[in-house]
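Chain by chain, the residues run as shown.
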Amino acid sequence: MSEDYVTATLEPVSLNPAQWQGPRTGEFGRLERWVMVVAAIGLLGLLGVTRLLTPNESGVGTHRALGLPPCGSIVMWGIPCPSCGMTTSWSWFVRGNIGRSWAANPGGFLLAIFVILMSTWLGISGLINRWWPVRCEPYLVLSIGAIVLVVTLAQWIGRLL
């Protein structure tokens with residue numbers, strides 16, 4: 001095969017984001033699709049488990065119904081950890097009690113919303129074999145995670161003061 005033939009048949013690759021035409025059908029391999037769908041089901045399953053738990057009226061401790069030990073931070077130092085109240089927050093969230101969910105742990109409330117959005121996004125994208133409705137951008141997922149982390153730490157500092 002001559003070098004001229006190879007050069008003439010290669011299409012130039014554009015790195016210009018403005019020329020990107022959107023997600024393509026058939027974008028994922030079979031394993032990727034399965035992982036996406038299983039991850040979506042797993043995330044929703046976590047919320048489903050909290051539906052089976054009775055939220056603790058104190059705002060923390062709901063996780064004890066799963067056989068988990070008390071919060072180590074409370075036991076050792078007498079102060080709640082940043083994630084104290086997250087299971088309770090989710091348990092109120094899945095019952096539709098948004099105010100109690102937020103009061104238990106605002107970061108947990110935001111994380112529950114993130115889980116619903118992420119599981120929907122992953123599940124649909126895996127089923128239709130392309131990103132829906134937008135392509136996955138790591139900065140987007142990391143930004144949302146950073147917001148949840150900042151809110152969680154802010155409420156924790158507020159509880160300590």
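Up top you'll find the structure we're talking about.
Overview of the structure. Everything numeric in this text was worked out from a predicted model, so none of it was measured.

Definitions and cut-offs
By convention here, each chain's residues receive numbers from 1 onward along its written sequence. In keeping with the predicted nature of the model, local features appear solely for residues at pLDDT of at least 70, side-chain atom pairs appear and are counted solely at 80 or more, and the whole-chain, interface and lining totals rest on all residues. Side-chain numbers come from the whole structure's heavy atoms, not from hydrogens or water. What counts as a helix is a DSSP run of H or I of at least four residues, what counts as a strand is a run of E of at least two, and both are numbered from the N terminus. An expected span of 1.5 Å times one less than the residue number is assigned to each helix. Three labels apply to residues, based on accessible area from a 1.4 Å probe with only protein chains included: buried if under 20% of the type maximum, exposed if over 50%, partly exposed otherwise in between. Between N or O atoms, a polar contact is any pair within 3.5 Å; within protein, one atom must be a potential hydrogen donor and the other a potential acceptor, and residues adjacent in sequence are included only when both atoms are from side chains. Two joining distances apply to patches: 9 Å for like charges and 5 Å for nonpolar side chains (Val, Leu, Ile, Met, Phe, Trp, Tyr), and every residue must have over 30% relative accessible area and no salt bridge. Surface exposure here means Shrake-Rupley accessible area, sampled with a 1.4 Å probe, where a residue is shielded only by the protein chains that are shown. Salt bridges are defined by distance alone: a side-chain nitrogen of Lys or Arg within 4 Å of a carboxyl oxygen of Asp or Glu. Between the N-to-C directions of two axes lies an angle of 0 to 180 degrees, each axis being a line fitted to C-alpha atoms and, for a helix, fitted only over the stretch in contact. Convention used here: angles under 35 degrees read as roughly parallel, angles over 145 as roughly antiparallel, angles from 65 to 115 as roughly perpendicular, and any remaining angle as oblique. Here a residue-residue contact requires only that any non-hydrogen atoms of the pair lie within 4.5 Å. Three residue categories are used. Nonpolar comprises Ala, Val, Leu, Ile, Met, Phe, Trp, Tyr, Cys and Pro, charged comprises Asp, Glu, Lys and Arg, and polar comprises the others, including Gly.

## A few points about helix α6 (residues 106-128)
Over its 23 residues, α6 extends 33 Å from the first C-alpha to the last, a length consistent with the 33 Å expected when each residue adds 1.5 Å. Looking one or two residues past α6, Asn-129 carries a phi angle of roughly 65°, positive in sign.

## As for the environment of Ser-58
Assignment of secondary structure puts Ser-58 in the loop between α2 (30-52) and α3 (72-77). You can call Ser-58 exposed: its relative accessible area is 56%. Placed 46 residues apart in sequence, Ser-58 and Ala-104 show a C-alpha to C-alpha distance of 8.4 Å. Within the structure, Ser-58 has its side chain in polar contact with the backbone oxygen of Val-60 (distance 3.0 Å).

## Observations regarding a nonpolar patch on the surface
Together, Val-75, Met-76, Trp-77, Ile-79 and Leu-160 make up a nonpolar patch on the protein surface, roughly 550 Å² of accessible area in all. Here the element with the most residues in the nonpolar patch is α3; it accounts for 3 residues. Mapped onto the secondary structure, Ile-79 falls in the loop between α3 and α4 (86-93). Taking relative accessible area as the criterion, Ile-79 reaches 32% and is therefore assigned partly exposed.

## So, the pattern of salt bridges
Summed over the entire model, instances satisfying the criterion amount to 2 salt bridges. Arg-135 is the salt-bridge partner of Glu-27, the closest N and O atoms lying 2.6 Å from each other. Here Arg-135 lies in the loop between α6 and α7 (138-160) and Glu-27 lies in the loop between α1 (3-9) and α2, a separation of 108 residues in the sequence. Assessed through its relative accessible area of 26%, Arg-135 is described here as partly exposed. With a closest N to O distance of 2.8 Å, Arg-100 and Glu-57 form a salt bridge. Taken together, the residues Arg-100 in helix α5 (residues 98-104) and Glu-57 in the loop between α2 and α3 connect sequence positions 43 residues apart. Residue class for Glu-57 comes out exposed when judged on its relative accessible area of 58%.

## Here we look at the packing of α2 against α4
Packing of α2 against α4 brings their axes to within 8 Å, and their N-to-C directions diverge by 85°. Overall, the two elements α2 and α4 adopt an arrangement that is roughly perpendicular. On α4, the residues touching Leu-46, Leu-47 and Thr-50 of α2 are Thr-87, Trp-90 and Ser-91. Split into classes, the residues belonging to the contact of α2 with α4 amount to 3 nonpolar, 3 polar and no charged.

## As for α4
Counting buried residues in α4 gives 7 out of 8 residues, a clear majority hidden from the surface. Within the sequence span of α4, burial applies to Met-86, Thr-88, Ser-89, Trp-90, Ser-91, Trp-92 and Phe-93. Its buried side turned inward, α4 meets α2, α5, α6 and α7.

## Quick notes on the side chain of Ser-101
Considering the arrangement of structural elements, one finds Ser-101 in helix α5. Ignoring any residue separated from it by four or fewer positions in sequence, one finds Ser-101 in contact with Ser-89, Trp-92, Phe-93 and Phe-109.

Take it as geometry only, folks, not as evidence of what the structure does.
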